[in-house]
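Chain by chain, the residues run as shown.
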Amino acid sequence: MKLRAWQQACVKKALKVYQSQSHFMCLATPGAGKTVMAAELAARLIAMGKVDFVLCFSPSSEVNESIRSTFSRRLRKRFDGLMGAIGSVYTYQSMPSLTPDFWQLLHSHNVLVIMDEVHHLKGTELNNANVWGEEVLVNIQNKARYTLALSGTPWRSDAAPIVLSKFTEPDNTIHCDYVYGLKQAVTDGVCRQPNIALIDNDKIKLGDNWESEIFTSIAALLEGSNFGYEALIHNQQICHYMLNQGVLKLKHVRRTSPLAGGLIVASSIKHAKQLYQTLVTNFKQTACIVTSKLKRPSHTIRAFRESDTQWIVSVGMISEGTDIPRLQVCCHLSRIKTEMHYRQVLGRILRVTSCDAQQAWLFTLAEASLIEFAYRIDQDLPDMSVVFEQDEQQELNLGSFHKPISNEFNHDVSSNLHLSELSLSTKEAIPSHLAYIEEENSYNLALLGGYKEQIVRMFDTHLHQ
């Protein structure tokens, strides 16, 4: 198994650190190859006679499959926990059901415990731990011969501590023993250069039966009214526009990367089904859908990974650690707006392939926190240059306030889509948590201005490649 330079350096650093302490934490940007590095480190420790058995824990069964395959291939032994296996992998959800007899293994053998995406494990002591963090504190801390924590996003949105982590003062940030950031990964050709398209509109009319107000951006609308972000991402016409942009971009990418695929991140199963139907019916795309309701979602993901299907629509199933390198375009229509989730979604399209065309495009609405996250990608990229290209389109005139846009899709339309008109009724779209709005008030929203997109391209040295 050929290692990348950063993986070799990280393994070397870990072996040195393990001479004086039992815990090692690696922060590596999503898509960099943390699992391969961890498998190599395990192999070295086993060869040195320092470890007898390896236990891995991760957030999902899909990630477990990838870990099991990688470790079995590198260690050349079964990794299923059965007789003759060198190790096994479990989800964090399964930890509370593991018996004391299982945990006894850590007392009788030298065990390396690997915790993937460790930011899911909260707590430095029992009184501030979540359920999974408590399992680590009780059964793993000070009992495993070595522990290895892996993360692409080592913070929690609630600012709670992460198990086994050390914190630096005065800002209480997490100390990582080895860091491999996105800028370095792009420079090394390990990850694709990200491009983030923030979709906005410059003239939005919100009104009811008595008065109306004009907003110059989505951020202004959400800040200055009772209209919610969730209503926007559920609106058929806004979804139509974003999907159109994604379809056009994927079509362009597939000219030089024929197997490139796209990911739609939906907010609910119902939402996912609607987006899937739009892709298939309106845009004539090949697509599949994966949700927690499927009996075997991992089979759907695997089939998509190995096919040339254009799109996969997901609700929480294509997330951190899911390895589908051919994904190069993503439309973010999830209700989740945490920075950790944002970066993990971006990471799904950053894995490189052998193809020459290594573009990565993330489409989101220009909501305030999502705009901020686009700028703050530079938290691990202190020397980053951000270039904004703003495409101001002509103002659009509505012939009829309520007339919907056409469902016809022109495959020859330019990438700067001009919708003739766009309107929606918020009375139907406002989610339940905005029920305080009086039901008898009929609010209407019309996007009278042109769509505009701010394209955030990281690393100006790569802009013309």
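The preceding data block contains the structure.
Asker: Please clarify how the packing of aromatic side chains should be interpreted in this entry.
Answerer: For any pair of aromatic rings, the description consists of the separation of the ring centres together with the inter-plane angle of the planes. In the structure shown here, the tally under the stated rule is twelve aromatic pairs. Measuring from ring centre to ring centre gives 6.2 Å for Trp 6 and Tyr 178, while their planes differ by 25°; the resulting arrangement is stacked. Of this pair, Trp 6 sits in helix H1 (residues 5–17) while Tyr 178 is found in strand E8 (residues 178–180), placing the two residues 172 residues apart along the sequence. Grouping residues by exposure puts Trp 6 and Tyr 178 together as buried. On the numbers, 6.0 Å between centres and 25° between planes, the contact of Phe 57 with Trp 103 is stacked. With Phe 57 in strand E2 (residues 53–58) and Trp 103 in helix H4 (residues 100–103), this residue pair connects regions lying 46 residues apart in the sequence. Classification of Phe 57 by relative accessible area gives buried; the value is 0%. Positioned above the aromatic ring of Trp 361, the side-chain terminus of Lys 249 is 3.9 Å from the ring centre. Lying across the ring of Phe 304, Arg 326 places its NZ or CZ 4.0 Å from the centre.

Asker: What's the story with the sheet that holds strand E1 (residues 23–28) in this structure? I'm lost.
Answerer: Through backbone hydrogen bonds, the strands of a sheet pair up, either in parallel or in antiparallel fashion. A sheet is described by the order of its strands in space; here six strands give the open sequence E3-E2-E4-E5-E1-E8, paired in parallel fashion. In this open sheet, the two edge strands, each paired with only one partner strand, are strand E3 (87–91) and E8. Ignoring strand direction, the axes of neighbouring strands in this sheet form an average angle of 15°. Against the sheet, helix H2 (residues 34–47) contacts E1, E2, strand E4 (111–115) and strand E5 (146–151), and its axis sits at roughly 170° relative to E5.

Asker: What should I look at first to understand the environment of Gly 81 in this one?
Answerer: Following the sequence through the fold, Gly 81 ends up in the loop between helix H3 (61–75) and E3. Judged by relative accessible area, Gly 81 falls into the partly exposed class, the value being 38%. Along the sequence, Gly 81 and Phe 53 sit 28 residues apart, while their C-alpha atoms lie 9.7 Å from each other. If sequence neighbours within four positions are ignored, Gly 81 has contacts with Gly 87 and Ser 88.

Asker: Help me understand the pattern of salt bridges, please; the structure alone is not making it clear to me.
Answerer: Between side chains of opposite charge, a pair can form when the charged atoms approach closely. What the rule picks out here adds up to nine salt bridges. The salt bridge partner of Arg 343 is Glu 339, with a shortest N-O separation of 3.4 Å. Of this pair, Arg 343 and Glu 339 both sit in helix H13 (residues 339–347), separated by four residues, roughly a single helical turn. On the basis of relative accessible area, Arg 343 is assigned to the buried category, the value being 9%. Using a relative accessible area of 8% as the deciding quantity, one classes Glu 339 as buried.

Asker: Whenever I open this one, the side chain of Thr 364 confuses me. Can you help?
Answerer: Along the chain, the position of Thr 364 falls in strand E16 (residues 359–365). Not counting chain neighbours up to four residues away, the residues in contact with Thr 364 comprise Ala 197, Leu 198, Ile 199, Met 242, His 332, Tyr 342 and Leu 370.

Asker: I tried to follow the packing of H2 against H3 on my own but got confused; where do I start?
Answerer: When two helices pack together, you describe them by how their axes are tilted relative to each other and by the distance separating the axes. Between H2 and H3, the shortest axis-to-axis distance is 9 Å and the interhelical angle comes to 40°. One way to sum up the angle between H2 and H3 is to call them oblique. H2 and H3 meet at a crossing whose hand is right-handed. Here Thr 35, Val 36, Ala 38, Ala 39, Glu 40, Ala 42, Ala 43 and Ile 46 of H2 come into contact with H3, specifically with Ile 67, Thr 70, Phe 71, Arg 74 and Leu 75. Looking at side-chain class alone, the contact of H2 with H3 contains nine nonpolar, two polar and two charged residues.

The rules behind each value
Residues numbered from 1 in each chain as written. Predicted model: local features only at pLDDT ≥ 70, side-chain atom pairs only at ≥ 80, totals over all residues. Heavy atoms only, no water. Phe/Tyr/Trp six-rings, centres within 6.5 Å; stacked < 30°, edge-to-face > 60°. Helix = DSSP H or I, 4+ residues; strand = E, 2+ residues; numbered from the N terminus. Buried < 20%, exposed > 50% of the residue type's maximum accessible area, 1.4 Å probe, protein only. Lys NZ or Arg CZ within 6 Å of the ring centre and 35° of its normal. Pairing = 2+ DSSP bridges. Axes fitted to C-alpha atoms, helices over the stretch in contact; angles between N-to-C directions. Contact = heavy atoms within 4.5 Å. Salt bridge = Lys/Arg side-chain N within 4 Å of Asp/Glu carboxyl O. Parallel < 35°, antiparallel > 145°, perpendicular 65-115°, else oblique. Left-handed = near helix turned anticlockwise from the far one by under 90°. Nonpolar A, V, L, I, M, F, W, Y, C, P; charged D, E, K, R; others polar.

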